[in-house]
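# Architecture and fold: a report
The chain contents come next:
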Amino acid sequence: LLTFRDGVLQHFSAALTTMSTAAKNRERLLRDFLEYRRSAIAEGEKAAVREYVIVPGGDPAHAGQLARPLVRQGFEVRQATQSFTQGGRSLPAGTFLVSAAQPGGRLLRNLMGARISQPEALVKEQDRRRKKRLPDQMYDVTAWSLPLTYDVEVIGAAAPVTVASTAVTADPEVRAAKLPAASVGYLMPWGSGTAATVVEALQKGVKIRSAALGFTLGGRAYPIGTAIVRVSDNDGSLASTLGAIAAAHGAEVIPIDSAFVDSGVSLGSNQVAVMPPPRVLLVWDTPTQSTSAGWARYVLERHFGQPVTAVRGNSLRRVDLREFDVIVLPAGNYGKVFGGDALRQLKDWVNGGGTLITLGEASRWAARENVNLVETRTELRDGRPETDASEKSESKKPESGAAAAFDFEKAIQPERERPESTSGALLRVSLDLEHWLSSGTDGEIQAMVEGQRVFRPITLDKGRNVGVYQRKDTLVAAGLVWPEAQDQLAQKAFLIHQPVGRGHVIAFAEDPNYRASTEATQLLFINAVLMGPAF
């Protein structure tokens, strides 16, 4: 009989033994540690990539979000204080530089490299196991490239970069600055920093609008999703209030003295929508997957500062859904929560103007025939639509003729089987840049894919396929994906938007908040939360 007291004592004994053993062997342990760190520096000085150059790009906040965690993990990171040329390319001040010749250089190479191959023997063994329908032996994901998950461009320089620079700190000092006076207002090109700025500004009473299409003003092009803050909509403290918030989140703010655009959507048209501070309900506890619910709540509350009302699944029937603008369903099967009248009430709420966001397995539930919140279907391994579990599939018909040979391998194949499983790979997704959900992106991101979900694209008369997996030849950005899975996932839906009445259903095939570390897809998630109620 193992008691809790026994467990505590055994852990305590193991801790003391570990410390005692380390103390007795301290000299050898410390020398080994020192030599490992020294050899990593020497190895980095001879590596093909001598310096990782993190390019600010269209969303400088993303680059900073990548650089600062590296500093927290003990890496030395510099930031260029002037523009410079690298490989014939002009790079701006603010570019981050990370030398490969560091004590933690081996870890750095693994974190910054695009693809780290699995040992051949391991891959062969997993292939053998999957063909016998045995679980794989992968521990964790097979792709973990930080530049890919953050959607930040990183250039590998063959020689050290010589440019004036300063050391980056984990938590840089933020100096709030009052914005220059503007006759008409301020523009903020969309990105993760702007999203966080908008969340905080809305809570402080600043009125903000969003452009559903791109435009050009004063010779500069502004992409879809650009936030517009009018002076006439706000009080006299706008410049100081917005300036302090934007500085804290690293958002770019451009003052404008004219609203007459050179081209594109007019700033006074109905394609520019007011962004209300969204009232968000997040389903919690059963039937959600605890990790998915936790990731979503962390991303909303801690990363973007968006207030959330967490409601247990079993308590939803006591909640007036009309008090909320957005409902987030983390991964899970909601059949027992939204059945009968509850499902009808949810559909009525969406039809009346609500934004329903489903993640991973919740999207699979929403696509079921008896739910039909999303008018598409997931697929089985053979490409047939995944129908309700209660429906019986056609039985296999025996081959006719006495000469027909019995095929054992064919006979043991399941009649109804989920698609090939993928163990945490990063796949390339093409985005529809004419849809507001893609705001802040360049049209391509990498999404973490883990599981067996394959969604057929929604038809044009039902909605938009905002995110679609790329063709097979460019699909895999990093990680191990079996050929059969590549064939089936290629050009299938990752992000679906279905208008319903005055509201929306926004379905993610995978969890965009995976471990609260997939910055690129987290931006799509906060886009859904903020822009769904606006449009």
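The residue count restarts for each chain, going from 1 along the sequence in the order it is written. Reporting of local features is limited, given that this is a predicted model, to residues whose pLDDT is at least 70; pairs of side-chain atoms are given and counted only at 80 or more, and all residues count toward the totals for whole chains, interfaces and linings. Working from all heavy atoms in the structure, the side-chain values ignore hydrogens and water.

### Quick look at the overall build of the protein chain
Counting from the N terminus, the helices are DSSP H or I runs at least four residues long and the strands are E runs at least two residues long. Of regular secondary structure, the protein chain possesses 15 helices and 25 strands. In terms of C-alpha radius of gyration, the protein chain reaches 26 Å, essentially the compact-globule figure of 24 Å for 535 residues. Taking the principal axes of the C-alpha coordinates as reference, the protein chain spans close to 85 × 70 × 55 Å. For every residue, the accessible area obtained with a 1.4 Å probe (protein chains only) is divided by the maximum for its type, and the residue is called buried under 20%, exposed over 50%, and partly exposed between those limits. Of all 535 residues assigned to the protein chain, the portion counted as buried reaches 47%. Only heavy atoms matter for contacts: two residues are in contact if any of them lie within 4.5 Å across the pair. Within the protein chain, residue pairs in contact and separated by at least 24 positions form 77% of the contacts whose partners lie at least 6 positions apart. When the accessible area of the protein chain is evaluated, it comes to approximately 26,600 Å², of which 52% is carbon and sulfur surface. Under the counting rule used here, the positive set is Lys and Arg, the negative set is Asp and Glu, and His together with the chain ends is not counted. In this description, the location of a charge corresponds to atom NZ of lysine, CZ of arginine, CG of aspartate or CD of glutamate. With 61 positive and 58 negative side-chain charges, the protein chain shows a spacing of 4 Å between the two charge centroids. The size measure is the radius of gyration over C-alpha atoms, and the globule rule it meets is 2.2 Å times the number of residues to the 0.38 power. Surface exposure here means Shrake-Rupley accessible area, sampled with a 1.4 Å probe, where a residue is shielded only by the protein chains that are shown.

### Remarks on helix α9 (residues 290-303)
Helix span, as expected, comes to 1.5 Å for every residue beyond the first. Taking 1.5 Å of rise per residue, 14 residues should cover 20 Å, and α9 covers 18 Å from first to last C-alpha, within 8% of that figure. The elements touched by buried residues of α9 are β16 (280-284), β19 (355-359) and α15 (519-534). Backbone geometry just downstream of α9 places Gly305 in the positive-phi region, at approximately 75°.

### Here we look at the sheet that holds strand β14 (residues 263-264)
By definition, two strands form a pair when at least two bridges between them are found by DSSP. Taken in spatial order, the three strands make up an open sheet running β11-β10-β14, and their pairing is antiparallel. Strand pairing shows two members of the sheet lacking a second neighbour, β11 (220-222) and β14, which therefore form its edges. By the bridge criterion, three bridges tie strand β10 (residues 215-217) to β11 in an arrangement that is antiparallel. For Phe215, the partnering residue across the bridge sits in β11 and is Tyr222.

### Topic: the packing of α9 against α15
A packed helix pair is summarised by two numbers, namely the angle formed by the two axes and the spacing between the axes. It is the contact of α9 with α15, at a shortest axis distance of 11 Å, that shows an interaxial angle of 80°. Compared by their axis directions, α9 and α15 come out roughly perpendicular. Touching Ala296, Val299, Leu300 and His303 of α9 are Glu519, Gln522, Phe525, Ile526 and Val529, all from α15. Here the residues of the contact of α9 with α15 sort into six nonpolar, two polar and one charged. Think of each axis as a best-fit line through the C-alpha atoms, taken over the contacting stretch in the case of a helix, with angles from 0 to 180 degrees between the N-to-C directions. Oblique is the label for any angle not under 35 degrees, not over 145, and not in the 65 to 115 range, which are roughly parallel, roughly antiparallel and roughly perpendicular in turn. Polar here means any residue other than Ala, Val, Leu, Ile, Met, Phe, Trp, Tyr, Cys and Pro, which are nonpolar, and Asp, Glu, Lys and Arg, which are charged; Gly is therefore polar.

### Some points on the sheet that holds strand β6 (residues 154-157)
Pairing is antiparallel across the open sheet formed by five strands, whose spatial order is β6-β1-β5-β2-β7. Sheet topology places β6 and β7 (165-167) at the edges, where each strand pairs with a single neighbour. Strand-to-strand, the axes of this sheet are offset by a mean angle of 30°, without reference to chain direction. Taken together, the four bridges between strand β1 (residues 51-54) and β6 define a ladder with antiparallel strand orientation. Bridged to Ile54 within β6 is Val154.

### Quick notes on empty space enclosed by the protein
Of the two site types, the cavity is a set of points on a 1 Å grid over the protein atoms alone where a 1.4 Å probe fits but cannot get out, and the pocket is an open set with protein on both sides within 12 Å along at least five of seven lines, each lined by residues with an atom within 4 Å of a point. Grid points are joined across faces, edges and corners, and a volume is the space filled by probe spheres set on the points. Throughout the structure, instances matching the rule amount to two cavities of 30 Å³ or more. Taken together, Pro419, Glu420, Thr422, Val449, Gly451, Gln452, Arg453, Val454, Ala485, Gln488 and Leu489 make up the full set of residues lining the largest cavity. When residues of the lining of the largest cavity are traced back to their parent elements, those giving at least two are β21 (444-451) and α14 (483-489). In terms of residue class, the lining of the largest cavity is made up of five nonpolar, four polar and two charged. Of the pockets and cavities examined, the second largest cavity occupies roughly 40 Å³. Along its surface, the second largest cavity is lined by Asn110, Gly113, Ala114, Arg115, Ile116, Thr142, Ala143, Trp144, Ser145, Ala478 and Gly479.

### Observations concerning the layout of surface pockets
Its boundaries defined by the atoms lining it, the largest pocket holds a volume of some 1,300 Å³. What lines the largest pocket is a set of 48 residues, among which Ala61, Gly64, Gln65, Arg68 and Pro69 lie closest to the centre. At the level of elements, α3 (60-72), α6 (146-150), α7 (192-203), α8 (238-249) and α9 are the ones that each hand at least two residues to the lining of the largest pocket. Counting residues per element, the lining of the largest pocket draws most heavily on α3, at eight residues. Considered class by class, the residues forming the lining of the largest pocket number 26 nonpolar, twelve polar and ten charged. What the second largest pocket holds in volume is close to 760 Å³. Every residue lining the second largest pocket is counted, 38 residues in all, and those nearest its centre are Gly57, Gly58, Asp151, Val152 and Asp442. If you list the elements that add at least two residues to the lining of the second largest pocket, you get α3, α6, β6, α7, β21 and α15. For the lining of the second largest pocket, the class distribution of residues is 19 nonpolar, twelve polar and seven charged.

In short, shape yes, function no, at least from these values alone.
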